Amino acid sequence: NFEAGPAPLDATLIADGKPLYDAYCASCHGIDGAGADNWKVVNADWSYPPPPHDSTGHTWHHSDRLLIDLIANGSDFAPSRMPAFGDRLNTREIEAILEYITTWWGPEERARQREVSQQDG
């Protein structure tokens with residue numbers, strides 16, 4: 001069990017984040033955050049399909065700071081094809097998307113992600 005516990009969920013951010021997620025993220029990561037069926041299988045170009053954002057994926061392994069940067073600036077990590085959204089989304093909108101994504105995590109994943117975010121803070 002993680003000392004800090006899960007962060008409380010912000011209903012306003014969640015409500016703001018859902019339509020943003022649906023508009024900008026769902027086409028690749030799924031309307032329910034389940035990602036591509038074969039997300040662990042490398043593509044012919046050595047990239048990977050979009051991972052899930054629910055508890056089965058690895059989004060909750062990363063700090064808020066890293067996730068905000070990844071959404072805003074995309075990824076230069078070769079196996080990722082994450083596009084940049086910083087020209088279309090501001091930081092608060094990205095935070096709202098992340099808050100919505102946390103609704104798919106259990107309390108342990110939320111607690112671990114909070115701990116990682118505090119360490120990266």
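You'll find the structure just up there.
This structure is a prediction, so every number in the text was calculated from the model and none was measured.

**Q** Residues and numbers for the packing of helix 3 (residues 64–73) against helix 4 (residues 91–101), please.
**A** Between helix 3 and helix 4, the shortest axis-to-axis distance is 10 Å and the interhelical angle comes to 115°. In this structure, helix 3 meets helix 4 at a crossing whose hand is right-handed. Contacts from D64, L67, I68, I71 and A72 in helix 3 reach T91, I94, E95 and L98 in helix 4. By residue class, the composition of the contact of helix 3 with helix 4 is six nonpolar, one polar and two charged.

**Q** Can you explain unusual backbone geometry? Please cite residues and give values.
**A** Even without being glycine, W46 reaches a positive phi, approximately 75°. Note that W46 resides in the loop between helix 2 (26–29) and helix 3.

**Q** Tell me about the packing of helix 1 (residues 11–24) against helix 4, residues and numbers included.
**A** At a minimum axis distance of 7 Å, the contact between helix 1 and helix 4 shows a crossing angle of 95°. Overall, the two elements helix 1 and helix 4 adopt an arrangement that is roughly perpendicular. Two secondary-structure elements touch here, helix 1 through T12, L13, I14, D16, G17, K18, L20 and Y21 and helix 4 through R92, E93, A96, I97, E99, Y100 and I101. Its residues assigned to classes, the contact of helix 1 with helix 4 comprises eight nonpolar, two polar and five charged.

Parameters at a glance
- Residues numbered from 1 in each chain as written.
- Predicted model: local features only at pLDDT ≥ 70, side-chain atom pairs only at ≥ 80, totals over all residues.
- Heavy atoms only, no water.
- Axes fitted to C-alpha atoms, helices over the stretch in contact; angles between N-to-C directions.
- Helix = DSSP H or I, 4+ residues; strand = E, 2+ residues; numbered from the N terminus.
- Left-handed = near helix turned anticlockwise from the far one by under 90°.
- Contact = heavy atoms within 4.5 Å.
- Nonpolar A, V, L, I, M, F, W, Y, C, P; charged D, E, K, R; others polar.
- Parallel < 35°, antiparallel > 145°, perpendicular 65-115°, else oblique.

Interpretation in functional terms is not warranted from these geometric data alone.
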